Amino acid sequence: MSVAVPTDPLPPSPDAGAGRVALALGGGGARGLAHIHVLRALDDLGIRPSRISGTSIGALMGVAAASGLRACEIEDHILATLANRRLVAGRLWSSRPHSLSEFLADGGLRLGQLNAERVVPAFLPTSVPETFRELAIPMTVTTTDFFGGNECLLREGALRSAVGASAALPAVFRPVRREGVVLVDGGLSNPLPFDVFGPLAPDEIVVACDVTGAPIGTGAQLPTPTEAMFGASQLMMHAIIRAKLRCTAPDVLLQPPVSTYRVLDFLRARTIIGETADLREETKRQLDPLLSSAAALTPSRFPPESA
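This one's a predicted model, so the numbers in the text were calculated from it and none came from an experiment. Here the residue index of a chain counts from 1 through its sequence in written order. This being a predicted model, a pLDDT of at least 70 is required before a residue's local features are given, and a value of 80 or more before pairs of side-chain atoms are given or counted; all residues contribute to the totals for chains, interfaces and linings. Excluded from the side-chain calculation are hydrogens and water; included are all heavy atoms of the structure.

(A) Summary view of the environment of Ile-240. Tracing the backbone through its elements, the reader meets Ile-240 in helix α8 (residues 225-247). A C-alpha to C-alpha distance of 7.5 Å links Ile-240 and Pro-191, two positions 49 residues apart in sequence. Per the convention used, a helix needs a DSSP run of H or I reaching at least four residues, while a strand needs a run of E reaching at least two, with both numbered from the N terminus.

See the structure below:
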C-alpha cells in the first residue's frame with residue numbers, strides 16, 4: 001500500500017551513522033524556496049540527512065534532496081526553471097493532456113483547478129526517480145485524506161503523484177486520487193511534519209524549517225478574495241503548528257522571515273533565495289552545539305561544501 005497510517009515508522013538511511021539529522025521541510029508555496037539554505041547548510045557541514053519528510057513545497061525540495069542531488073544542483077534547477085516566465089509557461093503547457101481520453105481522465109473542464117499530478121512533477125529535476133524505493137534517502141510525503149479527514153503519509157509507490165498530492169492546494173489544484181483515496185494538500189493536516197519519523201535514534205537530531213509565513217497588513221484595506229483565501233490557509237497552518245509545538249518540538253526549529261512573499265511568487269525565485277540567505281548560517285549556528293555533543297558526524301557521500 002502506498003498510503004501509510006501516521007504512526008508507521010520511517011527507517012533511517014542505513015549509512016546515516018552518528019550525529020545524524022532527520023530533516024522536516026514545511027509547506028508554504030513559494031516561501032518554501034528558502035528551504036534551499038537549510039540544504040546548503042547541511043552540505044557545508046558534510047551531513048547527509050538520515051531521513052526527510054516534506055509537505056507541499058517541502059515535499060518537492062525534499063524529494064530532490066532524497067534523490068541524491070546536492071543543494072547547489074537543486075538551486076541551479078530552481079533558478080533555471082522558475083526565474084524565466086517563458087520557461088515556466090512552457091512547462092505548464094507541456095503538462096497539459098495530450099489527448100481527449102487524457103482530458104476526460106483528468107475530469108474534463110474544471111475551471112480554476114490545475115492537475116497537480118501533471119503540473120507539480122513538471123518542475124522536478126529529471127533525475128528524481130519514479131518510485132520511493134529508488135530514493136537514496138528514506139522520504140515521507142505528507143498529504144491529507146480529504147474524505148477521511150486525516151493526515152496521510154506516503155512512503156512507497158509512485159513518487160511524482162505523491163508530491164503532486166502533497167501540493168494539491170484546493171482552488172488551485174484538483175485533488176489527487178491514489179489507490180482509491182482522495183488526497184489534497186498536506187498543509188491542511190500537517191504543515192510542518194517533524195513528528196512523522198517514528199522512534200528516533202539517541203543521536204538523531206530533528207531539524208524542521210517552517211515557511212508558512214503570516215498575512216501582512218494594517219487593516220486599513222480589506223484583503224482581496226485571493227489574499228483572504230491564502231491568508232486563511234496561513235492562519236490555519238500556524239494554529240496546527242502551535243498546537244503541535246505544545247506537545248513536542250524539533251531539536252532545531254527554523255522560521256525564516258518569508259511573510260512578505262506570496263504563496264504563488266515562484267517567478268520571484270531569485271529574489272526569495274537571495275533575501276533569505278541568512279538562513280544558511282542560522283541553520284549551522286543552531287546545529288553546531290548539537291553536533292558537537294554527538295559521537296561523530298554522519299558519514300556523507302559528499303565532501304563538505306565551501307561557503
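(B) Fine view of the side chain of Glu-204. Inspection of the secondary structure assignment puts Glu-204 in the loop between β9 (181-185) and β10 (205-209). Partly exposed describes any residue whose relative accessible area lies between the buried limit of under 20% and the exposed limit of over 50%, with all areas from a 1.4 Å probe on protein chains only and scaled to the type maximum. For Glu-204, a relative accessible area of 6% puts it in the buried group. Any N or O atom pair separated by 3.5 Å or less is treated as a polar contact, with the protein-specific requirement of one donor-capable and one acceptor-capable atom, and with residues adjacent in sequence counted only for side-chain atom pairs. Polar contacts involving the side chain of Glu-204 include one to the side chain of Ser-50, which spans 2.8 Å. Looking at Glu-204, its side chain comes within polar contact range of the side chain of Arg-51, at 2.7 Å.

(C) Here's a closer look at the layout of surface pockets. In this analysis a 1.4 Å probe is tested at points of a 1 Å grid over the protein atoms alone, and where it fits but cannot get out there is a cavity; an open set with protein on both sides within 12 Å along at least five of seven lines is a pocket; lining residues have an atom within 4 Å of a point. Grid points are joined across faces, edges and corners, and a volume is the space filled by probe spheres set on the points. Its volume calculated, the largest pocket comes out at about 790 Å³. Considering the residues around the largest pocket, the lining is formed by 36 residues, among which Val-120, Phe-173, Val-263, Leu-264 and Phe-266 are closest to the centre. Broken down by secondary-structure element, the contributors of at least two residues to the lining of the largest pocket are α2 (57-66), α3 (71-82), α4 (85-94) and α8. Among the elements that take part in the lining of the largest pocket, α3 stands out by supplying 5 residues, more than any other. Of the residues that constitute the lining of the largest pocket, the class distribution is 26 nonpolar, 7 polar and 3 charged. Lys, Arg, Asp and Glu make up the charged group, whereas Ala, Val, Leu, Ile, Met, Phe, Trp, Tyr, Cys and Pro make up the nonpolar group; the residues left over, Gly among them, are polar.

(D) Summary view of helix α10 (residues 278-292). For α10, which comprises 15 residues, the first-to-last C-alpha distance of 22 Å matches the rise-based estimate of 21 Å (1.5 Å per residue) to within 8%. Across the chain, bend at a residue is computed as the angle between axes fitted to the seven residues ending at that point and the seven starting from it. Its axis deflected by about 30° at Gln-286, α10 carries its strongest bend there, up to four residues before the proline Pro-289. Of the positions making up α10, those classed as buried are Leu-279, Arg-280, Thr-283, Lys-284, Leu-287 and Leu-291. In what follows, a contact means two residues having at least one pair of non-hydrogen atoms within 4.5 Å. Taken together, the buried residues of α10 touch β2 (21-25), α1 (35-44), β10 and β11 (252-254). A helix's residues, less one, multiplied by 1.5 Å, set its expected span.

(E) Structural view of the confidence of the model for the protein chain. In predicted models, pLDDT denotes the confidence assigned by the predictor to each residue on a 0 to 100 scale. On average, residues of the protein chain score 83 in pLDDT, and 79% of them reach the 70 mark or higher. Between residues 1-9, whose pLDDT stays under 50, and residues either more than four places distant or in other chains, the model counts 27 contacts. Per-residue pLDDT stays below 50 along residues 108-112; that stretch engages in 7 contacts with residues further than four places along the chain or on separate chains.

(F) Geometry of the pairing of strand β3 (residues 51-55). Burial within β3 is extensive, with 5 of its 5 residues counted as buried. In β3, alternate side chains face the same way, and those of Arg-51, Ser-53 and Thr-55 on one face and Ile-52 and Gly-54 on the other are all buried. Pairing between two strands requires that DSSP report at least two bridges joining them. As paired elements, β2 and β3 share 4 bridges and run parallel to each other. Bridge pairing links Ala-22 to Arg-51 in β3. Traced from β2 through α1 to β3, the parallel crossover comes out right-handed. Crossover handedness is defined by viewing with both strands directed away from the observer: a clockwise path from the first strand over the helix to the second marks the crossover as right-handed.

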